[in-house]
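This is what each chain is made of:
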Amino acid sequence: MIKEFLSAKYLAWHILIALVLAVVVAATIRNPGFGLTDETLASISSWIHIPGKLFVNALKMVVVPLVFAAIAVGVAGMASQKSIGRIGSKTIALYLVTGFIAIFTGLILVNVIQPGNMSEDAALALVESVEGSADQVDMTNRVQGRSWWDLVQILVRAVPPNIFDALTNNSGLLAIIFVSVVFGFFTTKLDGPIRETMENLWQGMYDLTITVTLWIIRFAPIGVFALVTVVIIDTGFKAFGPLAWFVVTVLAALILHFFVWLPLMQLFLGRVSPFKYYSKVVKAQLTAFSTASSSATLPLTIESAQNAGVSKRVSSFVLPLGATVNMDGTALYECVVVIFIAQIYAATTGEPFGIVNQILVVLLALVTSIGVAGVPAASLVAITLILGAVGLPVEWLAIIIAVDRILDMCRTSTNVTSDLTVAAIVARSEGEELPEVKAA
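Residues numbered from 1 in each chain as written. Predicted model: local features only at pLDDT ≥ 70, side-chain atom pairs only at ≥ 80, totals over all residues. Heavy atoms only, no water.

Trainee: Give me the lowdown on helix H3 (residues 38-80), citing residues and values where you can.
Mentor: Along its 43 residues, H3 runs 60 Å from first to last C-alpha, staying within 8% of the 63 Å computed at 1.5 Å per residue. At Ile50, H3 shows its largest kink, close to 35°, and the proline Pro51 lies no more than four residues downstream. Backbone geometry just downstream of H3 places Lys82 in the positive-phi region, at approximately 55°. (Helix = DSSP H or I, 4+ residues; strand = E, 2+ residues; numbered from the N terminus. Expected span 1.5 Å × (residues − 1). Bend = angle between axes of the 7 residues up to and from the residue.)

Trainee: Please give an account of the pattern of salt bridges that cites residues and values.
Mentor: Enumeration over the complete set of coordinates arrives at 10 salt bridges. Of the charged contacts in the structure, one is a salt bridge between Arg411 and Asp404, with a shortest N-O distance of 3.2 Å. Between Arg411 and Asp408 there is a salt bridge, and its shortest N-O distance comes to 3.6 Å. In this pair, Arg411 and Asp408 both sit in helix H19 (residues 401-429), three residues apart, roughly one turn of the helix. Each member of the pair, Arg411 together with Asp408, is buried. (Salt bridge = Lys/Arg side-chain N within 4 Å of Asp/Glu carboxyl O. Buried < 20%, exposed > 50% of the residue type's maximum accessible area, 1.4 Å probe, protein only.)

Trainee: Talk me through unusual backbone geometry; I want residue IDs and the actual numbers.
Mentor: The backbone phi angle of Arg271 is positive, close to 50°, even though this residue is not glycine. Relative to the helices and strands, Arg271 resides in the loop between helix H12 (244-268) and helix H13 (274-291).

Trainee: Explain the environment of Thr348 to me, and be specific about the residues and the numbers.
Mentor: Tracing the backbone through its elements, the reader meets Thr348 in helix H16 (residues 328-349). Distance from Thr348 to Ala123, taken between C-alpha atoms, is 6.3 Å for residues 225 residues apart in sequence. Apart from the residues lying within four places of it in its own chain, the contact partners of Thr348 are Glu120, Ala123, Leu124 and Trp396. (Contact = heavy atoms within 4.5 Å.)

Trainee: Hey, could you go over the side chain of Thr249 for me, with residue numbers and the actual values?
Mentor: You can see Thr249 is positioned in helix H12. We classify Thr249 as buried; its relative accessible area is 0%. For Thr249, the contacting residues outside a window of four places in its chain are Leu109, Val110, Ile113, Pro115 and Val336.

Shown next as structure tokens:
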């Protein structure tokens, strides 16, 4: 019985248990009764972080070869069937739809709950608490010199001047996707044994990378435990006090998108049972939560989708593209953060944040969530650009830094779930049955 439970079949349960243990262990270590100093906590955190870092590095190690091979195989298959344009247009359209739904969910909840609607004294105290703080200085350094030109450069970098340089850069997934699409498409233009050799090369690289990925994810519970424990040790729970309503607003919006809108899309657009589908992809969702990285989770995302019955042809194209451009949770978060800061600004200055500005925030949140996916400190850069565009103090972004990491984990899991939702809908629209997750 125990031996069977320890098998890979129950990996999702292993990860869930690791998450619970991480919370318990971290809360115990941070207990004031132990009398541990900040230096000691930092030292413990550093040691615990090592297996987590190794796990994330191992996942990132296979991202580039997997993305390249998966898209090359998928595009070659679609090109030979003349379906690449059809699948591509469906994918982009659905990603835009899920993005808009996520942003409007955040917009409605932040206006209903109004986490930044407080007395002038409380608002001033919150602002003064971060002015000149280490968080504000760190945030300023990370976003200093950023501008809208960074969005344009994202598109420029999509066509790399050096293929080999692009293939050694995990943050340049858009360039890798472009190169692999070109190679996969023109593989179908070759003739005879050469074409067969190239198709076998891409397929062999893909199968090898998936095999390595399956081996790496057996260590997921250890990695998840380390990563989550470190986050809680480093951030604690005290930071949630002054920002409680902000955290509630973000989590409520993410939960609504995760458990209501995406399942409804699965059910009515894809004729897929949300409960059955989520049970098949839960490993990817939990890994996304712990790593806070859509890219690092991508190998497991593809494996989970195929485990649910989504074909290699669809999953190998839709999911790598989604890990780069489809950021529902991020877009929702950007919207909530900006309007939360706008509410604080109104409390301190008396200047309301009008409907026109809110509509502008919606549009900018969608654009920036797509455009800055490959830029370091992507969410901070995006929010900074939006704050500047609507005339709000960029420095006040430091207010939410203390809770950003935990919320980052939640929104990344939402990002990955949205990718998986679109993959299932596209697969069903292409006539795939998905018998194990099909709605009755």
